[in-house]
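Chains, contacts and geometry: an overview
Spelled out, the chains give:
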Amino acid sequence: MRHLWQQNLKSILLSCFSHLVAEMATAGKVIKCKAAVAWESSKPLVIEEVEVAPPQANEVRIKIVATSLCHSDLYFLYESLDKSLFPTVFGHEAAGIVESVGPGVTEFQPGDKVVPLFLPQCGECRFCKSPKTNRCEVAMKRHGQKSTEHCRLTCKGKKLQQFMETGTFSEYIVMNQMAVAKIDPAAPLDKVCLLGCGVCTGYGAAVNTAKVEPGSTCAVFGLGAVGLAAVMGCKAAGAKRIIAVDINPDKFEKAKVFGATDFVNPKDHNKPISQVLMEMTGGGVDYSLECIGNVECMRSALESCVPGWGVSVIVGWTDLHDVATRPINLMLGRTWTGCLFGGFKGKDGIPGMVKAYLDKKVKLDEFITHNMTLDQVNDAIELLKKGKSIRTVMRFSPQ
């Protein structure tokens, strides 16, 4: 055991030394590297050489080791009506190593393992100081600007936007220090990258937002990565019955791994799925989580809840349509709410989730169905579009 500990310590020290040497060679300089660039909507990404400027005040430059493909990337590439996003570098679910830091940065140093955050935490605004939300007032103002002012990527002389101010489909990125979480140096980056979005979003929706109680009955709509993470969260919270709802029956075996007890395919029934669930549970589930981003499913999830105390959480992202229900469905005592990033404050929450993974209390490996390189990003997109993958992790270099 002692020999193994010495080996791990030696490995960490060698890693820190090698990154220190690399940082000395590149600090303060423009780095040329590879990135997958979306030049326009609904078109394949293009692997390009990009230039990454040095970090400015309060910024951190990160070498991305692993990044995964999230459905939100596809949504904004193919479905969103906002065409001002382009050209952009997508990707927001990743993990990497600090290469260099700008003036005023004291929290990070070269060699630190980190997870970039699409939902920053300045720690000083009234939102960050409130336990009631994970929003950040400073971040909301920055995101509302929709400019390349804070982007440090350039290609062919043109400034590129970093999707959600992250842009992890680039081998190097620059982030404000408020949008970076430092994690345990023992964490495997090609696994904990999943905590940058999907897993925390679904898991947190169950434990932080719904506040699922022991012995309760839950329904999870949609069994992508977010839905499976919600199933995992319901189980961790002690739910006795977790009903997985999806039109793809092949996903039930995967859902059982994360704790699902029942599977319902809406296509197998000639009545509304809300009615099916109410009949299955003797009046409705205690908690439902919609993890698809479909407004009709959001309504079904709400109406599947038991009157009086049922809680339904909107987790899936969409901004294309309105969501509606009859007022009586809320007047009877149901609660309809939503969450972003599972209610986690990123800088505080992600290190805890990393520890939970290292302590084998949270699953991550089981979400990964494919491992690829950045050059295969369009293949990864096709797999996700066709529902043939849960999470594809793309590597840049060994840890």
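Check the entry above for the structure.
Cut-offs and rules
- Residues numbered from 1 in each chain as written.
- Predicted model: local features only at pLDDT ≥ 70, side-chain atom pairs only at ≥ 80, totals over all residues.
- Heavy atoms only, no water.
- Helix = DSSP H or I, 4+ residues; strand = E, 2+ residues; numbered from the N terminus.
- Rg over C-alpha atoms; globule rule 2.2 N^0.38 Å.
- Contact = heavy atoms within 4.5 Å.
- Areas by Shrake-Rupley, 256 points an atom, 1.4 Å probe, with all protein chains shown as cover.
- Pairing = 2+ DSSP bridges.
- Axes fitted to C-alpha atoms, helices over the stretch in contact; angles between N-to-C directions.
- Core = buried A, V, L, I, M, F, W, Y, C linked by side-chain atoms within 4.5 Å.
- Buried < 20%, exposed > 50% of the residue type's maximum accessible area, 1.4 Å probe, protein only.
- Patch = residues over 30% accessible without salt bridge, like charges linked within 9 Å, V, L, I, M, F, W, Y side chains within 5 Å.
- Salt bridge = Lys/Arg side-chain N within 4 Å of Asp/Glu carboxyl O.

A separate point is the overall build of the chain. Across its full length, the chain carries 12 helices and 18 strands. For 399 residues, the compact-globule formula gives about 21 Å, and the C-alpha radius of gyration of the chain, at 21 Å, lands near that figure. Along the three orthogonal principal directions, the C-alpha set of the chain runs to about 65 × 55 × 45 Å. Taking all contacts inside the chain whose residues are at least 6 apart in sequence as the whole, residues at least 24 apart take part in 70%. Of the roughly 17,800 Å² of accessible surface on the chain, 54% is carried by carbon and sulfur atoms.

Backbone-to-backbone hydrogen bonds join strands into a sheet, with any given pair of strands oriented parallel or antiparallel. An order of β13-β12-β11-β14-β15-β16 is seen for the six strands of this open sheet, with the pairing classed as parallel. Of all strands in the sheet, those bounded by a partner on one side alone are β13 (262-264) and β16 (335-338). Mean inter-strand twist for the sheet, computed between neighbouring axes without regard to direction, equals 20°. Judged from the four bridges that link them, strand β11 (residues 217-221) and strand β14 (residues 287-290) form a sheet pairing that is parallel. Bridged to cysteine 218 within β14 is tyrosine 287. Each of β14, β15 (311-314) and β16 is contacted by helix α5 (residues 198-210), which is oriented at about 135° to β15, the strand it contacts most. In this fold helix α9 (residues 295-303) packs onto β11, β14, β15 and β16, with an angle of close to 175° to the strand it touches most, β14.

With an omega dihedral of -5°, the bond running from phenylalanine 86 to proline 87 counts as a cis peptide bond. As for its position among the elements, proline 87 is in the loop between α2 (71-79) and β4 (88-89). Although it is not a glycine, glutamate 165 sits at a positive phi angle of roughly 60°. Along the chain, glutamate 165 falls in the loop between β8 (158-162) and β9 (172-176). Its identity is not glycine, yet lysine 211 carries a phi of approximately 55°, on the positive side. Within the secondary structure layout, lysine 211 lies in the loop between α5 and β11.

Time to look at the nonpolar core. Membership of the largest hydrophobic core comes to 110 residues, with the highest contact counts inside it found for Phe169, Val192, Leu289 and Phe367. Looking at which element gives the most residues to this core, the answer is helix α6 (residues 225-236), with eight residues. Grouped together as the second largest cluster of nonpolar side chains are 11 residues, Val276, Leu277, Ala301 and Cys305 included.

What follows covers the sheet that holds strand β7 (residues 153-155). Pairing is mixed in the open sheet, where five strands are placed in the order β1-β2-β7-β8-β4. In the strand order of this sheet, the two ends are held by β1 (31-37) and β4, each with one partner.

On the surface, Ile328, Met331 and Leu332 cluster together into a nonpolar patch covering about 320 Å² of accessible area. The exposure class of methionine 331 is exposed, given its relative accessible area of 66%.

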